[in-house]
Amino acid sequence: MAVRPTRHSRLLILGSGPAGYSAAVYAARANLRPVLIAGIAQGGQLMTTTDVDNWPADADGVQGPELMERFRRHAERFDTEIVHDHIHAAFRRHAERFDTEILHDHIHAARLAERPFVLEGDLAHYTCDALIIATGASAKYLGLASEQKFMGRGVSACATCDGFFYKGQDVVVVGGGNTAVEEALYLANISRNVQLVHRRDKFRAEKIMQDKLMKRVADGKIGLVLDAVVDEVLGDQTGVTGVRVQELKRARKRDIPAKGLFVAIGHTPNTQIFAGQVAMREGYIVTRGGAEGMASATSVAGVFAAGDVQDHVYRQAVTSAGSGCMAALDAEKYLDGLAA
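## Observations concerning the overall build of the protein
When helices and strands are counted, the protein shows eight helices and 22 strands. Per-residue burial over the protein gives 51% buried out of 340 residues. Of the contacts made within the protein by residues no fewer than 6 positions apart, 59% connect residues no fewer than 24 positions apart. On the protein, roughly 16500 Å² of surface is accessible, and the fraction owed to carbon and sulfur atoms is 51%.

Okay, here's the thing in structure tokens:
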């Protein structure tokens, strides 16, 4: 078995969403020469988002993949070394134009009890004095082929991100927890009508959330489709046109006309390789927070977290980018302390 080489850097950033790339820009400008490991889902959830109309200073809006391409180029401009699991050929050609070194690897284990920290890849081991975890969280989907077909063309997992595009239209939300109820309530202020589909006859959301929901049901803004599951997403070349649900107790199917389907069955933080090594709450990494500095610090000195991997509340590109900046500044301060 071949011995994998070991590569050391002062700062390693794991993740290539807004948090990871923002951390790279700030760290590189501080001459930390960061290494960023992009991960399998390069660019994060924005790579499956079409129009992004809430990114500050983009008055005309921007496509999600285009925005992430700009993030990547910005990080490369300051000589961030980017290690890729998988890279699209077009990305490779673009990066090679700027003489960027592109490496390919997959991280499958971490050892945070060691100094320096160790990340194990298929091709190499990576060691670092400070680590920023920005691996994000993955939205859970229904697993339907039709759902995948209309992803970004009517199917979304974020009402705050995409709800504006369904102003005055009919939409469907699927789920029964706090996230689903929050999404339905948010959309009720934008869309003409919201149908909330849940596979049980009772919701798992907090009582106060259910009370708010029932008020909007009484107003006629939200309809409840209980004891039902989404069977198929309907659509044509224009995008989603409806949702077919399977009524479990009646054993029948019916179609609900709609222009959008919002899947709100939760998120899974991408923290599996750090389990048992850093403090977490429901899979999300716990950070220090507060207003006294080192807000992105975790329970392990020298390990910082940014973006959705530590945020189950806001989950916005702009908040992720901001937390990436904070993590880079915190890491810089930590590394300065080691050198003192």
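## Some thoughts on the nonpolar core
In this structure, Leu 11, Trp 55, Ile 132 and Phe 304 are the most contacted members of the largest nonpolar core, which totals 33 residues. If one sorts the elements of this core by residue count, helix α8 (residues 317-339) sits on top with seven residues. Not counting chain neighbours up to four residues away, the residues in contact with Ile 132 comprise Leu 11, Leu 12, Ile 13, Leu 14, Ala 23, Phe 304, Ala 327, Ala 328 and Ala 331. Counting 22 residues, the second largest nonpolar core, distinct from the first, contains Leu 12, Leu 119, Phe 274 and Val 309.

## Let's talk about the pairing of strand β12 (residues 170-174)
Across a regular strand the side chains alternate sides, sitting on one face of the sheet and then on the other. Of all the five residues making up β12, five are buried; the element is thus mostly covered by neighbouring parts of the structure. Side chains Asp 170, Val 172 and Val 174 project from β12 onto one buried face, and the interleaved Val 171 and Val 173 project onto a second face that is buried too. Relative to strand β13 (residues 193-198), β12 is paired through five bridges, and the arrangement is parallel. The residue of β13 that forms the bridge with Val 174 is Val 197. The parallel pair β12 and β13 is bridged by helix α6 (residues 178-188), and the resulting crossover is right-handed. When β12 meets strand β18 (residues 260-263), the two strands line up parallel, connected through four bridges. Within the sheet, the bridge partner assigned to Val 173 lies in β18 and is Phe 262.

## What about helix α1 (residues 18-29)?
Taking 1.5 Å of rise per residue, twelve residues should cover 16 Å, and α1 covers 17 Å from first to last C-alpha, within 8% of that figure. Here α1 lies mainly inside the structure; ten of its twelve residues are buried. Within α1, the full set of buried residues consists of Pro 18, Ala 19, Gly 20, Tyr 21, Ser 22, Ala 23, Ala 24, Val 25, Ala 27 and Ala 28. Where α1 is buried, its residues contact β1 (6-14), β2 (35-37), α2 (64-77), β5 (81-84), β9 (125-133) and α8.

## Observations concerning the sheet that holds strand β14 (residues 222-226)
Across the sheet, five strands lie side by side as β11-β18-β12-β13-β14; this open sheet has parallel pairing. Each having just a single partner strand, β11 (155-156) and β14 make up the two edges of the open sheet. Taken strand by strand, α6 contacts β12, β13, β14 and β18, and its axis lies near 170° from that of β12. On top of the sheet, helix α7 (residues 207-219) reaches β13 and β14; it is set at about 110° to β14, its chief contact.

## Quick look at the pattern of salt bridges
In this structure the tally under the stated criterion is 17 salt bridges. Salt-bridge contacts for Asp 227 lead to Lys 249; the nearest nitrogen and oxygen are separated by 3.6 Å. In this pair, Asp 227 sits in the loop between β14 and β15 (228-236) while Lys 249 sits in the loop between β16 (239-247) and β17 (252-257), placing the two residues 22 residues apart along the sequence. Judged by its relative accessible area of 17%, Asp 227 falls in the buried class. A salt bridge links Arg 244 to Glu 232; the nearest nitrogen and oxygen atoms lie 3.2 Å apart. With Arg 244 in strand β16 and Glu 232 in strand β15, this residue pair connects regions lying twelve residues apart in the sequence. Arg 244 gets classed as partly exposed once you look at its relative accessible area, which sits at 26%. Here Glu 232 falls in the partly exposed class, since its relative accessible area comes to 30%. Each of Asp 58, Glu 66 and Arg 70 takes part in one network of salt bridges that share partners.

## Quick word on the sheet that holds β15
Taken in spatial order, the three strands of this open sheet run β15-β16-β17, and their pairing is antiparallel. In this open sheet, the two strands that pair with only one neighbour each are β15 and β17. Strand-to-strand twist across the sheet, computed as the mean angle between neighbouring axes with direction ignored, equals 25°. Across six bridges, β16 lies against β17 in antiparallel orientation. Its bridge partner being in β17, Val 245 is matched across the sheet by Arg 254.

Quick notes on the rules
Residues numbered from 1 in each chain as written. Predicted model: local features only at pLDDT ≥ 70, side-chain atom pairs only at ≥ 80, totals over all residues. Heavy atoms only, no water. Helix = DSSP H or I, 4+ residues; strand = E, 2+ residues; numbered from the N terminus. Buried < 20%, exposed > 50% of the residue type's maximum accessible area, 1.4 Å probe, protein only. Contact = heavy atoms within 4.5 Å. Areas by Shrake-Rupley, 256 points an atom, 1.4 Å probe, with all protein chains shown as cover. Core = buried A, V, L, I, M, F, W, Y, C linked by side-chain atoms within 4.5 Å. Pairing = 2+ DSSP bridges. Right-handed = clockwise from strand over helix to strand, strands pointing away. Expected span 1.5 Å × (residues − 1). Axes fitted to C-alpha atoms, helices over the stretch in contact; angles between N-to-C directions. Salt bridge = Lys/Arg side-chain N within 4 Å of Asp/Glu carboxyl O.

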